[in-house]
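# Tertiary structure, described
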Amino acid sequence: NVLARTKAPTLRYILAKKYFRLGKYNEALGELGDNIPRKHSVKPYALFLEGSILSMTQKYLQANNVYKECVDVAESALGKEKDPHRIRQLTITRDYCLVGIPRSDFANKNFESAILGYLDLSKSSYIWPEVLFEEAWASFYSKDYNRTLGKLVTYKAPILTWMFNPEVEVLKALTYMELCLWQDTKKVV
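Below you will find a few notes about this structure. Within every chain, residues take consecutive numbers counted from 1 along the sequence as written. Owing to the predicted nature of the model, reporting of local features is limited to residues with pLDDT of at least 70; listing and counting of side-chain atom pairs is limited to 80 or more, with chain, interface and lining totals taken over all residues. The basis for the side-chain values is all heavy atoms of the structure; hydrogens and waters are excluded.

### So, the overall build of the protein
By definition, any uninterrupted DSSP run of H or I lasting at least four residues is a helix, any uninterrupted run of E lasting at least two residues is a strand, and each is numbered from the N terminus. The helix and strand tally for the protein stands at 11 helices and zero strands. Starting at the N terminus, the α and β elements of the protein follow one another as α-α-α-α-α-α-α-α-α-α-α. Taking the principal axes of its C-alpha atoms as reference, the protein extends roughly 70 × 35 × 25 Å. Note on exposure labels: buried denotes an accessible area under 20% of the residue type's maximum, exposed denotes more than 50%, and partly exposed covers the range between, all computed with a 1.4 Å probe on protein chains only. Going through the 189 residues of the protein one by one, you find that 44% of them count as buried.

### What to know about the packing of aromatic side chains
The geometry of an aromatic ring pair comes down to the distance between the two centres and the angle between the two planes. We call Phe, Tyr and Trp rings a pair once their centres come within 6.5 Å, taking the six-membered ring for Trp, and we label the pair stacked below 30 degrees between planes, edge-to-face above 60, and tilted otherwise. In total, this model carries 11 aromatic pairs according to the counting rule given. With a centroid separation of 6.2 Å and an interplanar angle of 85 degrees, the aromatic rings of Phe133 and Trp137 are classed as edge-to-face. Of this pair, Phe133 and Trp137 both sit in helix α8 (residues 128-141), four residues apart, which is roughly one turn of the helix. Exposure class is identical for Phe133 and Trp137. Each is buried. Ring centres 5.6 Å apart and planes at 65 degrees place the aromatic pair Phe140 and Tyr145 in the edge-to-face group. Ring pairs connect the aromatic residues Phe106, Phe111, Phe133, Trp137, Phe140, Tyr141 and Tyr145, which therefore count as one cluster. Both a distance and an angle decide whether a charge sits over a ring: NZ of Lys or CZ of Arg must be within 6 Å of the ring centre and within 35 degrees of the ring normal. Over the face of the ring belonging to Tyr126 we find Arg88, whose NZ or CZ atom lies 4.2 Å from the ring centre.

### Overview of helix α2 (residues 9-21)
By definition here, a helix of n residues has an expected span of 1.5 Å times n minus one. End to end, α2 covers 18 Å across 13 residues, agreeing with the expected 18 Å (1.5 Å per residue, within 8%). All buried positions along α2 are accounted for by Pro9, Arg12, Tyr13 and Ala16. For α2, the arc enclosing every buried residue in end-on projection is 100 degrees, short of the 170-degree limit, so these residues lie on one face. Turned more than 90 degrees from where α2 packs its buried face, Lys18 and Arg21 sit exposed. In the segment just after α2, Gly23 is the residue with positive phi, at about 80 degrees. What the arc describes is the spread of directions from the helix axis to the C-beta atoms.

### Some words on the packing of α2 against helix α4 (residues 43-56)
Note on method: axes are straight lines fitted to C-alpha atoms, helices fitted across the in-contact stretch only, with angles between N-to-C directions ranging 0 to 180 degrees. With their axes 10 Å apart at the nearest point, α2 and α4 run at an angle of 25 degrees to one another. Viewed along their axes, α2 and α4 adopt a mutual orientation that is roughly parallel. The handedness of the crossing between α2 and α4 comes out as left-handed. Judged by residue contacts, Tyr13, Ala16, Lys17 and Phe20 of α2 engage Tyr45, Ala46, Leu49, Ile53 and Met56 from α4. We call Asp, Glu, Lys and Arg charged. Ala, Val, Leu, Ile, Met, Phe, Trp, Tyr, Cys and Pro are nonpolar, and the rest, Gly among them, are polar. Grouping the constituent residues of the contact of α2 with α4 by class yields eight nonpolar, no polar and one charged. With respect to orientation, any angle under 35 degrees is reported as roughly parallel, any angle over 145 as roughly antiparallel, any angle of 65 to 115 as roughly perpendicular, and every other angle as oblique. Helix crossings fall into two classes, left-handed where the near helix is turned counterclockwise from the far one by less than a right angle and right-handed where it is turned clockwise. In what follows, a contact means two residues having at least one pair of non-hydrogen atoms within 4.5 Å.

### Observations concerning the side chain of Thr148
Among the secondary structure elements, Thr148 is positioned in helix α9 (residues 145-153). Given the relative accessible area of 0%, Thr148 is considered buried. Polar contact is defined as a pair of N or O atoms within 3.5 Å, subject to the rule that within protein one atom must be able to donate a hydrogen and the other to accept it, and that residues adjacent in sequence are counted only when both atoms are side-chain atoms. Within the structure, Thr148 has its side chain in polar contact with the backbone nitrogen of Phe140 (distance 3.0 Å).

### Regarding the environment of Asn165
As for its placement among the helices and strands, Asn165 is situated in the loop between α9 and α10 (166-178). The class of Asn165 is partly exposed, set by a relative accessible area of 25%. Separated by 127 residues in the primary sequence, Asn165 and Arg38 have C-alpha atoms spaced 37 Å apart. Within the local environment of Asn165, its side chain forms a polar contact with the backbone nitrogen of Glu167, the two atoms lying 2.9 Å apart.

Rendered as structure tokens:
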């Protein structure tokens with residue numbers, strides 16, 4: 001037990017990731033939280049992992065609070081960082097924490113809040129193209145079918161030709177079906 005109390009923050013984070021992969025979420029959470037100081041270099045990554053676990057275990061309000069803290073800690077670290085590789089890692093982690101909030105809202109069936117939360121992500125983010133699809137689903141569940149199709153048509157932009165997600169076509173067909181556009185539905189299928 002003395003060893004557990006004296007573990008270095010990096011070791012705690014590594015152990016938490018191992019527990020996470022094994023599906024031992026309570027044990028993973030036990031290694032995170034206040035066990036890793038706010039100013040430690042692994043804190044943003046630990047907060048992202050903690051938020052993910054809380055969201056997966058349907059503790060959405062707690063998850064959102066942790067994701068917000070993650071964004072703050074990552075922003076603070078970015079302000080001091082000089083290493084380009086670390087800046088990229090922190091930026092991506094910050095962005096994943098930022099979209100963790102609307103993802104939790106979506107999982108909690110709070111679609112309007114999710115739609116607004118997704119708008120906080122910059123279009124210059126590395127992860128923005130994958131998030132478009134999630135935004136489209138939130139719009140679909142909000143019954144805003146025109147917005148759903150608008151998000152999906154963005155994937156046809158020349159800058160996104162490298163992206164392929166067959167679920168885009170599934171969502172497009174479902175949206176056409178909801179709009180009673182049977183010929184368009186058949187064409188997509």
